[in-house]
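Chain and residue survey
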Amino acid sequence: MNPFKYMPLNRVWPLAALRTVFSIFILTGIGVGVSAKTSLPCFKTEPTTIARSEKKDYQFDGTISRKVLENYLDRSITMQSLLVGKGNFDDNLRMIKNIGAKFIGRSVCQWGNEADIPKNLQQEKELAAKVHETDPDIVLQACIFEIVTNQVDQLSVPGWAFSAFGLPVENRNFKYEDMLYPDGKFKNQWGNGSVPDVSRLETKLYFYYLAISYINIGIEGIHFGQVELMNKNDPTLDNYDQLLTLIRKYAAKHARRHMILCDSHVPGGGFVRNGKLLMDFHAFPLRIMEIPGKPEEAMLQVGHTDALYGRSKGGITPSGWSCEHLPYLVEFDNYGVSKHPGEEKAGDIPFWVWGYDEISWFAHQDKQYRTQWLIYAYNWVKKTDINGHLEMPGGRQTTSPLDHKKWYYANKPGAAVPDGQGDEDTISEIWANGAKN
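Criteria and cut-off values
Residues numbered from 1 in each chain as written. Predicted model: local features only at pLDDT ≥ 70, side-chain atom pairs only at ≥ 80, totals over all residues. Heavy atoms only, no water. Helix = DSSP H or I, 4+ residues; strand = E, 2+ residues; numbered from the N terminus. Buried < 20%, exposed > 50% of the residue type's maximum accessible area, 1.4 Å probe, protein only. Polar contact = N/O pair within 3.5 Å; in protein donor to acceptor, adjacent residues only side chain to side chain. Core = buried A, V, L, I, M, F, W, Y, C linked by side-chain atoms within 4.5 Å. Contact = heavy atoms within 4.5 Å. Phe/Tyr/Trp six-rings, centres within 6.5 Å; stacked < 30°, edge-to-face > 60°. Lys NZ or Arg CZ within 6 Å of the ring centre and 35° of its normal. Pairing = 2+ DSSP bridges. Salt bridge = Lys/Arg side-chain N within 4 Å of Asp/Glu carboxyl O. Axes fitted to C-alpha atoms, helices over the stretch in contact; angles between N-to-C directions. Parallel < 35°, antiparallel > 145°, perpendicular 65-115°, else oblique. Left-handed = near helix turned anticlockwise from the far one by under 90°. Nonpolar A, V, L, I, M, F, W, Y, C, P; charged D, E, K, R; others polar.

1. A word on the side chain of His 282
For His 282, the location among the structural elements is in strand β10 (residues 282-285). Residue His 282 is classed as buried on the basis of its relative accessible area of 0%. Within the structure, the side chain of His 282 is placed 3.4 Å from the backbone oxygen of Gly 269, a separation counted as a polar contact.

2. Brief notes about the nonpolar core
Among the nonpolar cores identified, the biggest contains 110 residues, and Leu 83, Tyr 206, Ile 219, Leu 300, Trp 361 and Trp 373 are the most heavily contacted of them. The leading source of residues in this core is helix α6 (residues 201-216), at 10 residues. Other than its neighbours up to four places away in sequence, Ile 219 contacts Leu 83, Ser 107, Val 108, Leu 140, Gln 141, Ala 142, Tyr 214 and Ile 260. Among the nonpolar cores identified, the runner-up in size contains 17 residues, and Tyr 58, Phe 60, Val 68 and Leu 73 belong to it.

3. What about the packing of aromatic side chains?
For the structure shown, the criterion picks out 22 aromatic pairs. Taking the centre distance of 5.9 Å and the plane angle of 80° together, the rings of Phe 60 and Tyr 72 count as edge-to-face. Of this pair, Phe 60 sits in the loop between α1 (36-39) and α2 (66-73) while Tyr 72 sits in helix α2, and the two are 12 residues apart along the sequence. You can call Phe 60 buried: its relative accessible area is 7%. According to the relative accessible area criterion, Tyr 72 is buried, its value standing at 0%. Among the aromatic side chains, those forming a connected cluster through ring pairs are Trp 160, Phe 165, Phe 174, Tyr 206, Phe 207, Tyr 208 and Tyr 209. Directly above the ring of Tyr 181 sits Lys 185, whose terminal nitrogen or CZ lies 5.2 Å from the centroid. In this structure, Arg 287 is placed above the aromatic ring of Phe 351, and the distance from its NZ or CZ to the ring centre is 3.8 Å.

4. Here's the deal with the pairing of strand β6 (residues 221-226)
The two faces of a sheet get side chains in turn, since along a regular strand they alternate between them. The buried fraction of β6 is high, at six of six residues. As paired elements, strand β3 (residues 139-143) and β6 share three bridges and run parallel to each other. Across the sheet, residue Ala 142 finds its bridge partner in β6, namely Ile 222. One ladder, built from four bridges, connects β6 with strand β7 (residues 261-265); its direction is parallel. Its bridge partner being in β7, Gln 226 is matched across the sheet by His 265.

5. Things to note about the environment of Gly 268
Considering the arrangement of structural elements, one finds Gly 268 in the loop between β7 and β8 (272-273). Distance from Gly 268 to Asp 306, taken between C-alpha atoms, is 8.3 Å for residues 38 residues apart in sequence.

6. Regarding the pattern of salt bridges
The tally for this structure, following the rule as stated, stands at 21 salt bridges. Asp 91 is the partner of Arg 94 in a salt bridge, and the nearest nitrogen-oxygen pair spans 2.9 Å. Separated by three residues within a single helix, Arg 94 and Asp 91 lie in helix α3 (residues 89-99), roughly one turn from each other. Owing to a relative accessible area of 31%, Arg 94 belongs among the partly exposed residues under this scheme. In this structure, Arg 273 and Asp 238 form a salt bridge, with 2.9 Å as the shortest nitrogen-oxygen distance. Here Arg 273, found in strand β8, pairs with Asp 238, found in helix α8 (residues 238-254); they are 35 residues apart in sequence, far enough to count as distant.

7. Details of the packing of α3 against helix α4 (residues 117-134)
Relative orientation of the contacting elements α3 and α4 amounts to 30°, with a least axis distance of 11 Å. Regarding the angle of α3 to α4, the classification is roughly parallel. The chirality of how α3 crosses α4 is right-handed. Seen from α3, the contacting residues are Phe 89, Leu 93 and Lys 97; seen from α4, they are Leu 127, Lys 130, Val 131 and Thr 134. Split by residue class, the contact of α3 with α4 holds four nonpolar, one polar and two charged.

8. Side note on unusual backbone geometry
At Asn 274, a residue that is not glycine, the phi angle is positive and equals roughly 55°. You will see that Arg 287, though not glycine, has its phi angle at about 60°, which is positive. Within the fold, Arg 287 resides in the loop between β10 and β11 (289-290).

Interpretation in functional terms is not warranted from these geometric data alone.
Right, here's the structure in full:
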């Protein structure tokens, strides 16, 4: 969510290597640099047999094959807080069906405000059922983020959470202070919210409560946020392994298809314990890079800050198959705006894109450039790392003081979504036609 904590793991590549501009290779994904506004050709639908006519396999039960997993990642889209009712749910569902999305990222996006969780769960359950009535193959993802506030003190610890950890059942609420790092690390990192320490039993109880609650309402994917912030006292990953094992044990009996797809942001490349991957797939921000001297233009580059391209670790997956590099998603991240929106090298952190987070930068570009850039990014990721998959932007929080918009909607503009930016057709066409050779 917020890059202020990500420390670059790779050096930044020399800017000289980024100044070469290609114009005729953009749709092929060839080339390391691009002056996209001036060089990217407009997207055109090709009158050829489209990929969507080919029946893709979305069947899994208990375990998931690499092929099926990648089919889902190839049809992934961020719809932040879809099940919390953000935006027009009916039109969002129409768009999901129209474009053929199968993996709905961040459909439950609970950032703090823990007192609202019981109320939210009821609504999320009802809306999840409506999604699955439309398409039972869709995977809905919830998030368990790197934040906890003192509102968690208002939630009762269910007896089944104690029992899962072999503890005697108590009649009490969760304890905020017992989830924090004992040495005060990351306390109030998010204003009134702190980073929980996963080595602490109270944190594991709380995360287990969230995960099981989400599984019970029809969720089949959980994004665990910035796991590396939460494991400073768990270097051997024993606590994460225990927590995920218990969650998967429950999912094997009670989830819609008897498993839960777990992922997280992994600046270090991923969690591997004794040769076994803890996550089913990895995820990370796109890490969009400004093109020097080209106002508002941007590109993707291997090695830019801590970008994941080429670095996703491999091992034995929770489903039992082995890989040299685990498949991963890259998404348009949101983390705010700098003090210098619209300016090059805005300072503070190395992740600003002309002074904005990634989705805010994308959202305030004009329609033609957004279309061109989505095509470019989709092809670039496909050509750069066969393990990478672009998660399309469907709905996400933005921070843009220049136009004062607080949300990006890919929906077609209309009475239902007057602020829709009309990118759904672009997403549909990209998925239909696939990567260009």
